[in-house]
Amino acid sequence: METYDPAWIARTVAELGNASRGQPEATIGQVTIVEHPEEDIIRTLVALSAAPELRTVADGEKIDPLSPHLYVRGILGEGGIGIVELAHQPLLNRDVAVKRLRVPDPRQAALLLREAKVTGSLEHANIIPIHALGIHPKLGPLVVMKRIQGVSWDVRLASERAQIAADEDVLATHVEILTRVCLAVEFAHSRGVFHRDLKPANVMLGDFGELYVVDWGLALERGERVEERQLVGSPAYMPPEMAKGEPVDERSDVFLLGATLHQVISGELRHAAPTVVLSLMRAAAAEPHEYDDRVPAELAEICNRACHPEPAQRFPDVATLRAALLEYLAHRRATAVLRTASRQHERFRMLLDASLSMRPSAAVISAAYHQVLVCYEQALDIWGGLSAAQHGKREAMIDMLRYELAIGDIHGAERIVGELAEVPAELRARLDELIEERKARRARLSSLEEEVDMQRGRGARTSVIGGILVAVALINLAFFLADPSPAANAPPRRLLVLVVVVASVTSGWGRARAAFLRRCRARPSASACRGRRRSPA
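Residues numbered from 1 in each chain as written. Predicted model: local features only at pLDDT ≥ 70, side-chain atom pairs only at ≥ 80, totals over all residues. Heavy atoms only, no water.

Novice: So, the overall build of the protein chain: which residues are in play, and what are the values?
Specialist: Helix and strand content of the protein chain: 17 helices and eleven strands. Within the protein chain, the fraction of its 537 residues that count as buried is 41%. Across the protein chain, contacts joining residues at least 24 apart in sequence account for 64% of those joining residues at least 6 apart. For the protein chain, the exposed area adds up to about 29,000 Å²; of that, 55% sits on carbon and sulfur atoms. (Helix = DSSP H or I, 4+ residues; strand = E, 2+ residues; numbered from the N terminus. Buried < 20%, exposed > 50% of the residue type's maximum accessible area, 1.4 Å probe, protein only. Contact = heavy atoms within 4.5 Å. Areas by Shrake-Rupley, 256 points an atom, 1.4 Å probe, with all protein chains shown as cover.)

In structure tokens form, the structure reads like this:
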């Protein structure tokens, strides 16, 4: 069952004088105010009787620098009911933009003044400033605005379309522009004003970074009395409620911003169609769009949510939409860091492969490994839920663990294992093998140390015995030479026997101790040996 009336759309478009072959991106309709605009315009024109006039500068005419009037220098642009001219304001020595009517008409004059009042009430850095209201002796009111030296956003989008499609950095630049547009619309909503005609053509980009949301002619103030079921706006961007002539609120502007995002990421109009009527019918249906792989999935999701046919399913306000766009920009920075980390990871793996032949130093490999980890961690700091960065970090740690196990660095391997939530079974088994080999090696070293100690002890005992024998022999010889009589001292034979006995006792004790230690090594659990065995290094 259709939720809109195609006949009403076609009839209303015909009444507005827009042929079905018109441009869907162009603005149709006008605000219809229930109050009496003729009375308002008369009062306003009386108030403007002393305002600056718009004058034409004759060739060679010298302008009085103290003149309060505005002097036309050329045409900046033309619309359906008005013209925007470049004028010079001598008192402030500046050029300004002046919007006036093509032909005098009380209703159009009321709409022009209404737009000026709405825009002038919204003092924001991204909303074009209204300097003053002026008067034209024949055409009526003048709206004096800041002159913007630059281009409209749709012109820039068209000129950079190929770059946007090929380079995500350029796309991100335009998403940032949209976040600034959101700020202006957020401010307007805080003042109870809905723009109702947001699109790239109504955003001006200055040569020095300025951005202004313009054309507030269709803006509606909350609570303002207008005729019911109006058809106003730009069909190619409209939310369904505007295409059906239903009331609007903040979420209608959310849809328009989503349709603008659609044009940014796809280069196409949201409700593209060959005629205005068909575009309006597409707007009334507001079907979701399927984007190809060249469009970031996060942006595609944001766009379709903002352009949901049911207002309740859209972002609840412009601030939430802007937050989603800023989150995408943050995530994009994380994915950019992730790409750097992936490249570093590949170089790290090449170093590991080269370690089998070229043998780069362990310090070089360790530095490359930590560089990879830093990149992955930077990506995760920006976007903690980036699964690709989490996976890449784990793979880098496993690569380094394999290397540490290959070179037998148990301490390095244990450090990495302590940081990994889950270790592959084969690597865990290899680490356990290395640990057991280390234990066995330490046990062998301990045994060798004991053997060395025993050998050193045997040599020391031999030296002591030899020293005793030499000392006794020398003493005996000295006594004999001093008094060779048999009764002077003990005969040499007795001394020699004493030396032999001492040497035998010392040698026997050393052999007994060595045998005891051998039994301890054979039976390490024996309680008699525990106090004498040396612990392994």
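From this point, things continue past the structure.
Novice: So, the side chain of Glu85: which residues are in play, and what are the values?
Specialist: By the secondary structure assignment, Glu85 is in strand β3 (residues 82-89). A polar contact of 3.0 Å, which involves the side chain of Glu85, links it to the side chain of Arg100. Look past the residues within four positions of Glu85 in its chain and what remains in contact with it is Leu54, Val72, Gly74, Ile75, Leu76, Val96, Ala97, Val98 and Arg100. (Polar contact = N/O pair within 3.5 Å; in protein donor to acceptor, adjacent residues only side chain to side chain.)

Novice: Can you explain the sheet that holds strand β7 (residues 150-152)? Please cite residues and give values.
Specialist: Strand order in this open sheet of three strands is β7-β9-β10, and the pairing throughout is antiparallel. Because the sheet does not close on itself, it has two edges, and the strands there are β7 and β10 (211-213). When strand polarity is set aside, the average angle formed by the axes of neighbouring strands in this sheet is 20°. Of the strand pairs in this sheet, strand β9 (residues 203-206) and β10 are connected by three bridges, and their pairing is antiparallel. Across the sheet, the residue bridging to Met204 is Tyr212, located in β10. Along the sheet, helix α6 (residues 168-190) makes contact with β9 and β10, crossing β10 at roughly 50°. (Pairing = 2+ DSSP bridges. Axes fitted to C-alpha atoms, helices over the stretch in contact; angles between N-to-C directions.)

Novice: Give me helix α10 (residues 297-306): which residues, what numbers.
Specialist: Among the residues of α10, those classed as buried are Leu299, Ala300, Ile302, Cys303, Asn304 and Ala306. Contacts made by the buried residues of α10 are with α6, α8 (250-266) and α11 (318-354).

Novice: Give me the lowdown on the sheet that holds strand β2 (residues 70-78), citing residues and values where you can.
Specialist: A sheet is described by the order of its strands in space; here six strands give the open sequence β1-β2-β3-β4-β6-β5, paired in mixed fashion. Whereas interior strands pair on both sides, the edge strands pair on one side only; in this sheet they are β1 (54-56) and β5 (130-136). On average, each strand axis in the sheet is tilted by 45° relative to the strand beside it, whichever way the strands run. Those strands touched by helix α3 (residues 106-120) are β4 (94-101), β5 and β6 (140-146), and its axis lies near 140° from that of β4.

Novice: Would you mind going over the packing of aromatic side chains in detail, with residue names and values included?
Specialist: Given two aromatic rings, their pairing is described by the distance between the two centres and the angle made by the two planes. The final tally for this structure, using the stated rule, is one aromatic pair. An angle of 40° between the planes, with centres 5.8 Å apart, marks the rings of Phe348 and Tyr369 as tilted. Taken together, the residues Phe348 in helix α11 and Tyr369 in helix α12 (residues 362-382) connect sequence positions 21 residues apart. Of the two residues examined, Phe348 and Tyr369, each falls in the buried class. Just above the ring of Phe315 sits the side chain of Arg305; from NZ or CZ to the centre is 4.2 Å. (Phe/Tyr/Trp six-rings, centres within 6.5 Å; stacked < 30°, edge-to-face > 60°. Lys NZ or Arg CZ within 6 Å of the ring centre and 35° of its normal.)

Novice: Help me get a handle on the packing of α12 against helix α13 (residues 387-406), residues and values and all.
Specialist: For the pair α12 and α13, the least separation of the axes is 9 Å and the interaxial angle reads 165°. One finds that α12 runs roughly antiparallel with respect to α13. Between α12 and α13 the crossing geometry is left-handed. Between α12, through Ala362, Ile365, Ser366, Tyr369, Val372, Leu373, Tyr376, Glu377, Ala379 and Leu380, and α13, the contact on the second element is made entirely by Ala389, Gln390, Gly392, Lys393, Ala396, Met397, Met400 and Tyr403. (Parallel < 35°, antiparallel > 145°, perpendicular 65-115°, else oblique. Left-handed = near helix turned anticlockwise from the far one by under 90°.)

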